[in-house]
Amino acid sequence: MGPPDPILGVTEAFKRDTNSKKMNLGVGAYRDDNGKPYVLSCVRKAEAMIASKKMDKEYLPIGGLADFTRASAELALGENSEAFKSGRYVTVQGISGTGSLRIGANFLQRFFKSSRDVYLPKPSWGNHTPIFRDAGLQLQAYRYYDPKTCSLDFAGAMDDISKIPEKSIILLHACAHNPTGVDPRQEQWKEMAATVKKRNLLVYFDMAYQGFASGDINRDAWAVRHFIEQGINIVLSQSYAKNMGLYGERAGAFTVICSDAEEAKRVESQLKILIRPMYSNPPLNGARIASIILNTPELRKEWLVEVKGMADRIIGMRTQLVSNLKKEGSSHNWQHITDQIGMFCFTGLKPEQVERLIKEFSIYMTKDGRISMAGVTSGNVGYLAHAIHQVTK
């Protein structure tokens, strides 16, 4: 028997629990303020448009739905991006974020001859390690998070990045770093970009939360765009799971920024050769939904309002959690909860405190103290604050 998945295993334990106050803060899927799954109204409208057109179910091309890949590139790079306008990029549809990361990992394993080493931030999303390792690459790490301050160890990160061997691969979370919720500020990104450029590193951006982090699609894509403007030819994975709530539809994209449009054509041909034996071609429905939203002006406008609404609810829950902890009489400094951004919060709770939250309060989370803020509602935030205070006082 293989071990249970550390994140999905939390959900299984939660389901078995009979306590009426139980909370699942493990899985990263948005919930409304009643704790219910939320389907965006722009998604429902896009689905109605698809249904009314009585569209067929034919295979997509290997690289995916063209309207979707073009709109994905434009969303990430910006409509005024030189790389986008000159066509020196290629974007293929992937099976959400995970599948897109895997396409990229396999592509680098086959064609990036300079290095086998991928440098991940410490910590990184749990699935990054097996994705790159199973593609035949070797995992290394650079300092990122400081558990003492529950914030970015910028000096440590810069020190490590400045020593990464030239032409290695470095993975960066574009925004809403998972699991910590700790992002560099723009001036810190600028310093990182300068060092990365000096070391001639290949940058792999993972952008799973564009729009969902700050509520602003351009602000959340700032780092990606800045690196490209600095002449750093990045590769990029995108996911629509969080920002459009298309979790089970598996809509995502993988992009390579190339030196010119000619190279982009060659890269595209090789990506198709990689994808064909992997899954032949990607799923249709999620890409159709995302494409209609991105390419229909009134639906795009509605989406931008809805994604900001989701981001704002998360930000509001962070504030409420901190104020409830203060009300409980906690003397700890919880400022990191509101400083962090995105779906996840690295609470700074120790494994034995997490264990107590599960056993005594039926509040489920991963052992590292990461909580999904999406599982927190105005109805349960008081109970969560009470429980955290009990195990930390």
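Described below are features of the structure shown in this document. (Residues numbered from 1 in each chain as written. Predicted model: local features only at pLDDT ≥ 70, side-chain atom pairs only at ≥ 80, totals over all residues. Heavy atoms only, no water.)

Digging into the sheet that holds strand β9 (residues 235-239)
Then comes step 1: Taken in spatial order, the seven strands of this open sheet run β2-β10-β9-β8-β7-β3-β4, and their pairing is mixed. The open sheet terminates on both sides in strands that have one partner only, identified here as β2 (89-95) and β4 (138-143). Ignoring which end each strand starts from, the neighbouring axes of this sheet average 25° apart.
Then comes step 2: Inspection of the sheet shows strand β8 (residues 202-207) paired to β9 by four bridges, in the parallel sense. Its bridge partner lying in β9, Asp206 is registered against Ser237.
Then comes step 3: On top of the sheet, helix α5 (residues 96-111) reaches β2, β7 (169-173), β8, β9 and β10 (251-257); it is set at about 125° to β2, its chief contact.
Then comes step 4: Helix-sheet contacts for helix α11 (residues 261-279) involve β2 and β10, and the interaxial angle to β2 is about 15°. (Pairing = 2+ DSSP bridges. Helix = DSSP H or I, 4+ residues; strand = E, 2+ residues; numbered from the N terminus. Axes fitted to C-alpha atoms, helices over the stretch in contact; angles between N-to-C directions. Contact = heavy atoms within 4.5 Å.)

A few points about the environment of Thr180
Then comes step 1: You can see Thr180 is positioned in the loop between β7 and α8 (186-199).
Then comes step 2: Considering only alpha carbons, one finds Thr180 and Ser151, 29 residues apart in sequence, at a separation of 8.3 Å.
Then comes step 3: Within the structure, Thr180 has its side chain in polar contact with the backbone nitrogen of Val182 (distance 3.1 Å). (Polar contact = N/O pair within 3.5 Å; in protein donor to acceptor, adjacent residues only side chain to side chain.)

Thoughts on the packing of aromatic side chains
Then comes step 1: Applying the stated criterion to the full structure yields 14 aromatic pairs.
Then comes step 2: An angle of 45° between the planes, with centres 5.3 Å apart, marks the rings of Phe107 and Phe111 as tilted. Taken as a pair, Phe107 and Phe111 lie in helix α5 at a separation of four residues, close to a single helical turn.
Then comes step 3: Seen in terms of ring centroids, Phe132 and Tyr204 are 5.6 Å apart; in terms of plane orientation they differ by 90°. Their pairing is edge-to-face. Of this pair, Phe132 sits in helix α6 (residues 128-134) while Tyr204 sits in strand β8, placing them 72 residues apart in sequence. Neither Phe132 nor Tyr204 differs from the other in exposure class; each is buried.
Then comes step 4: Ring pairing ties together the aromatic residues Tyr30, Tyr38, Tyr209 and Phe212, which thus form one cluster.
Then comes step 5: In this structure, Lys22 is placed above the aromatic ring of Phe14, and the distance from its NZ or CZ to the ring centre is 4.5 Å.
Then comes step 6: The residue whose ring lies beneath Arg370 is Phe344, and the NZ or CZ to ring-centre distance is 3.6 Å. (Phe/Tyr/Trp six-rings, centres within 6.5 Å; stacked < 30°, edge-to-face > 60°. Buried < 20%, exposed > 50% of the residue type's maximum accessible area, 1.4 Å probe, protein only. Lys NZ or Arg CZ within 6 Å of the ring centre and 35° of its normal.)

Observations concerning helix α15 (residues 351-361)
Then comes step 1: Those residues of α15 that fall on the buried side of the exposure criterion are Gln353, Val354, Leu357 and Phe361. The buried residues of α15 occupy an angular sector of 105° when the element is viewed end-on, so they sit on one face. Away from the buried face of α15 by more than 90 degrees, exposed residues Glu352 and Lys359 are located.
Then comes step 2: Buried residues in α15 make contact with β12 (363-364) and α16 (381-392).
Then comes step 3: Directly beyond the C-terminal end of α15, a positive phi value near 55° is found at Ser362. (Arc of directions from axis to C-beta.)

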